[in-house]
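Descriptive structure summary
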Amino acid sequence: MIQSIGNQIPQAPVSSQLDSKPAISAGEAQGKFAAALKNAINDVNQAQIASDQKTEALANRKIDDLHDVMITAQKASITLETTVQVQKKVVDAYKEVMSMQV
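Residues numbered from 1 in each chain as written. Predicted model: local features only at pLDDT ≥ 70, side-chain atom pairs only at ≥ 80, totals over all residues. Heavy atoms only, no water.

**As for the overall build of the protein chain**
Just so we agree on the cut-off: What counts as a helix is a DSSP run of H or I of at least four residues, what counts as a strand is a run of E of at least two, and both are numbered from the N terminus. Areas reported here follow the Shrake-Rupley algorithm with a probe of radius 1.4 Å; residue values treat only the protein chains shown as occluding.
Counting its secondary structure elements, the protein chain contains four helices and zero strands. A total accessible area of about 9200 Å² is found for the protein chain, and carbon and sulfur atoms account for 60% of it.

**As for helix α4 (residues 66-98)**
Every α-helix winds through 3.6 residues per turn, so residues three or four apart in the chain are directed the same way. In plain terms, the rule: Every helix has an expected span of 1.5 Å times one less than the residues it contains. What makes two residues a contact is simply this: any of their non-hydrogen atoms within 4.5 Å.
Over its 33 residues, α4 extends 48 Å from the first C-alpha to the last, a length consistent with the 48 Å expected when each residue adds 1.5 Å. Each element contacted by the buried residues of α4 is listed here: α3 (26-59).

**A few points about the environment of Val69**
Within the fold, Val69 resides in helix α4. With 12 residues separating them in the primary sequence, Val69 and Ala57 have C-alpha atoms 9.1 Å apart.

**Digging into the packing of α3 against α4**
As a reminder of what qualifies: Interaxial angles span 0 to 180 degrees and are taken between N-to-C directions of axes, which are lines fitted to C-alpha atoms, for helices over the stretch in contact. Any angle that is under 35 degrees is reported as roughly parallel, and any over 145 degrees as roughly antiparallel; angles of 65 to 115 degrees are reported as roughly perpendicular and all others as oblique. Two helices cross in a left-handed way if the nearer one is turned anticlockwise from the farther one by less than a right angle. They cross in a right-handed way if the turn is clockwise. Each residue gets one of three labels, nonpolar for Ala, Val, Leu, Ile, Met, Phe, Trp, Tyr, Cys and Pro, charged for Asp, Glu, Lys and Arg, and polar for the others, Gly among them.
Their axes nearest at 9 Å, the elements α3 and α4 cross at an angle of 150 degrees. Of the possible angle classes, the one that applies to α3 and α4 is roughly antiparallel. When the axes of α3 and α4 are compared, the crossing they make is left-handed. Along the contact surface, α3 presents Val44, Ala47, Gln48, Ala50, Ser51, Lys54, Thr55 and Leu58, while α4 presents Leu66, Asp68, Val69, Thr72, Ala73, Ala76, Ser77, Thr79, Leu80 and Thr83. When the residues that make up the contact of α3 with α4 are grouped by side-chain class, the tally is nine nonpolar, seven polar and two charged.

**As for α3**
Worth spelling out the cut-off: For every residue, the accessible area (1.4 Å probe, protein chains only) is compared with the maximum for its type, and the residue is labelled buried under 20%, exposed over 50%, or partly exposed between those bounds.
Look at α3: 49 Å from first C-alpha to last across 34 residues, which is about the 50 Å you get at 1.5 Å a residue. Buried within α3 are the following residues: Val44, Ala47, Ser51 and Ala57. Residues of α3 that are buried in the fold lie against α4. Directly after α3, the chain includes Arg61, whose backbone phi takes a positive value near 60 degrees.

**Some details on the side chain of Thr72**
To be explicit about the condition: Distance and chemistry together define a polar contact, namely a pair of N or O atoms within 3.5 Å, with one atom able to donate a hydrogen and the other to accept it when in protein, and with adjacent residues in sequence counting only for side-chain atoms on both sides.
With respect to the element layout, Thr72 can be found in helix α4. Classification of Thr72 as buried rests on a relative accessible area of 12%. A polar atom in the side chain of Thr72 sits 3.4 Å from the side chain of Lys54. In contact with Thr72, other than residues within four places in its own chain, are Ala50, Ser51 and Lys54.

**Section: the environment of Gln74**
As for its position among the elements, Gln74 is in helix α4. For the pair Gln74 and Ser51, spaced 23 residues apart in sequence, the C-alpha to C-alpha distance is 8.5 Å.

**Section: the side chain of Ser51**
Turning to its location among the elements, Ser51 is positioned in helix α3. When sequence neighbours within four positions are dropped, the list of residues in contact with Ser51 reads Thr72, Ala73 and Ala76.

Structure follows, in structure tokens:
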């Protein structure tokens, strides 16, 4: 079954991949990466803010749906933990690249 799936995937010739120019410049790629990173961090921040607002509203008896507050808090926690784990992996990859012999 795996072989039949592998046969359905089109294979590009290796020479065409090596001869082609990059679609965007290094500066553009860096800008896009920075924008994507900034958006991801903003999403984490928004999740934390939403969790804080719902927790405060529950404490002030403005809302009474404990389940919604707990779900929002868990989403914020998981989002933050994922971000921390990705950051650790990026730092590890950077250290590994920097220790390579050229």
